[in-house]
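Tertiary structure, described
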Amino acid sequence: MPELPEVEVVRRGLEGHVLDRRIEAVEVLHPRPVRRHLPGPADFAAVLTGRTFTAARRRGKYLWLPLDSGDAMLGHLGMSGQMLVQSRGAADERHLRVRFALAGGTELRFVDQRMFGGLSLAPGGAELPAELLHIARDPLDPEFDDAEFVRRVRRSASGIKRILLNQSVISGVGNIYADEALWLARLHGDRRGDRLRVADVELVLAAARQVMTAALGQGGTSFDALYVNVNGESGYFDRSLEVYGQEGEPCSRCGTAVRRTSFMNRSSFFCPTCQPPPWGSTQRATVRRTGTNVPATR
Ligand SMILES: [Zn+2]
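As the structure is a computational prediction, the values presented were derived from the model and not from experiment.

How each quantity is defined
- Residues numbered from 1 in each chain as written.
- Predicted model: local features only at pLDDT ≥ 70, side-chain atom pairs only at ≥ 80, totals over all residues.
- Heavy atoms only, no water.
- Donors = N, O, S within 2.8 Å, 3.2 Å for Na, K, Ca; no water.
- Tetrahedral: all angles 85-135°; square planar, octahedral: opposite > 155°, others 65-115°.
- Helix = DSSP H or I, 4+ residues; strand = E, 2+ residues; numbered from the N terminus.
- Buried < 20%, exposed > 50% of the residue type's maximum accessible area, 1.4 Å probe, protein only.
- pLDDT = per-residue confidence, 0-100.
- Contact = heavy atoms within 4.5 Å.
- Polar contact = N/O pair within 3.5 Å; in protein donor to acceptor, adjacent residues only side chain to side chain.
- Arc of directions from axis to C-beta.
- Axes fitted to C-alpha atoms, helices over the stretch in contact; angles between N-to-C directions.
- Parallel < 35°, antiparallel > 145°, perpendicular 65-115°, else oblique.
- Left-handed = near helix turned anticlockwise from the far one by under 90°.
- Nonpolar A, V, L, I, M, F, W, Y, C, P; charged D, E, K, R; others polar.

What follows covers the coordination of the zinc ion. Around a metal, the idealised angle for a tetrahedral arrangement of four donor atoms is 109.5 degrees; for an octahedral arrangement of six donor atoms it is 90 or 180 degrees. At the metal site, the zinc ion is ligated by Cys251 (SG), Cys254 (SG), Cys271 (SG) and Cys274 (SG), and these contacts range over 2.2 to 2.4 Å. Given four donor atoms and angles of 98 to 114° at the metal, the environment of the zinc ion is assigned as tetrahedral. Look at where the donors of the zinc ion fall in the sequence and you get C-x2-C-x16-C-x2-C. Remark: cysteine 274 occurs in the loop between strand E10 (266-270) and helix H7 (281-290) and cysteine 254 occurs in the loop between helix H6 (198-217) and strand E9 (259-263); sequence separation between them is 20 residues. Cysteine 254 gets classed as partly exposed once you look at its relative accessible area, which sits at 35%. For cysteine 274, a relative accessible area of 11% puts it in the buried group.

Structural data, given as structure tokens:
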């Protein structure tokens, strides 16, 4: 599933390849990706034909391409969506869903095997589509408000990982980057927001920025072979992951085996030594009483 750095890589690719070229034709090969356009696929094609994409913007994992009409085309990659730029005449991808023929002989192609993602028209949405008003800025956004984030975390009784995944507080930090950031900040994801110090929250925010920026520099992660960036090139950040997907591997800081727990129908990975769980305090107390030096790992 693409996370923010992958989506940002796609945004940059679109910015470099599809702006200021008239859309000469739109072909919807499967209706599902445009299901949110209620007037239907034919209307979707008709309103976009003849228009020009003027920018490529992003909030969290949503992309939008403002049009010269003041509207925008809103896109979400879902689990497996790709935006590919191809020359006209290149062979169709197996899961090609929507094709935009652009002036100058290139095509923008929306390819999506599982079709959880999609494209829609956002009337008047060039600046910010109405659908995205409830989504907070992401930590790489220059206008992200650090102080407000710290306040909101410290007012919440939820675990810090759950807060990091709440798109109305901070957007774009998915499961992978949340685990990596928490490892860097040496915080367990179950630590309650209202029990963290300001410095802890600042640390986890800085850590989120660090892992996401590193991923951006490498073209994003790629756990899903289905994900490729705008030019069809896979990311390779997965080689530098510290805890995510590393169950049983030694933590690079302390050597303790990385643990996996289930979390909201997904998994959380953490180092039980560097990131002691708040619910592990009983076991630690036992260790102290008995005077043994065995790390509490269960
Ligand atoms: Zn460790």
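Take the confidence of the model for the protein chain next. Taken as a whole, the protein chain shows an average pLDDT of 86; of its residues, 86% reach a score of 70 or greater. Confidence drops under pLDDT 50 across residues 221-236; counting only partners more than four residues distant or on other chains, this segment forms 46 contacts. Low pLDDT, under 50, characterises residues 282-298; the predicted model gives this stretch nine contacts beyond four residues in sequence or across chains.

Within the element layout of this structure, arginine 58 appears in strand E2 (residues 57-59). A polar side-chain atom of arginine 58 sits 2.8 Å from a polar atom in the side chain of glutamate 8. From its side chain, arginine 58 meets the backbone oxygen of glycine 60 in a polar contact 3.0 Å long. Apart from the residues lying within four places of it in its own chain, the contact partners of arginine 58 are Leu4, Val7, Glu8, Arg11, Leu63, Trp64 and Asp138.

By the burial criterion, the buried members of helix H3 (residues 146-154) are Phe149, Val150 and Val153. Taken end-on, H3 shows its buried residues confined to a sector of 100°, consistent with a single buried face. In this fold, the buried residues of H3 make contact with helix H4 (160-164) and H6. Regarding H3, its N-cap is aspartate 145, as a side-chain oxygen of that residue lies 3.2 Å from the backbone nitrogen of alanine 147 further along.

One can find glycine 189 in the loop between helix H5 (175-185) and H6. It is 9.4 Å that separates the C-alpha atoms of glycine 189 and phenylalanine 269, two residues lying 80 residues apart in sequence. When residues no more than four places from it in sequence are discounted, the contact partners of glycine 189 are Gly159, Ile160, Lys161 and Leu182.

Interaxial distance between H5 and H6 falls to 8 Å at its minimum, and their mutual angle equals 125°. What the angle tells us is that H5 and H6 run oblique. The handedness of the crossing between H5 and H6 comes out as right-handed. Here H5 contributes Tyr177, Glu180, Ala181, Leu182, Leu184 and Ala185 to the contact with H6, which in turn contributes Leu203, Val204, Ala207, Ala208, Gln210, Val211, Met212 and Ala215. Along the lines of polarity and charge, the residues of the contact of H5 with H6 split into 12 nonpolar, one polar and one charged.

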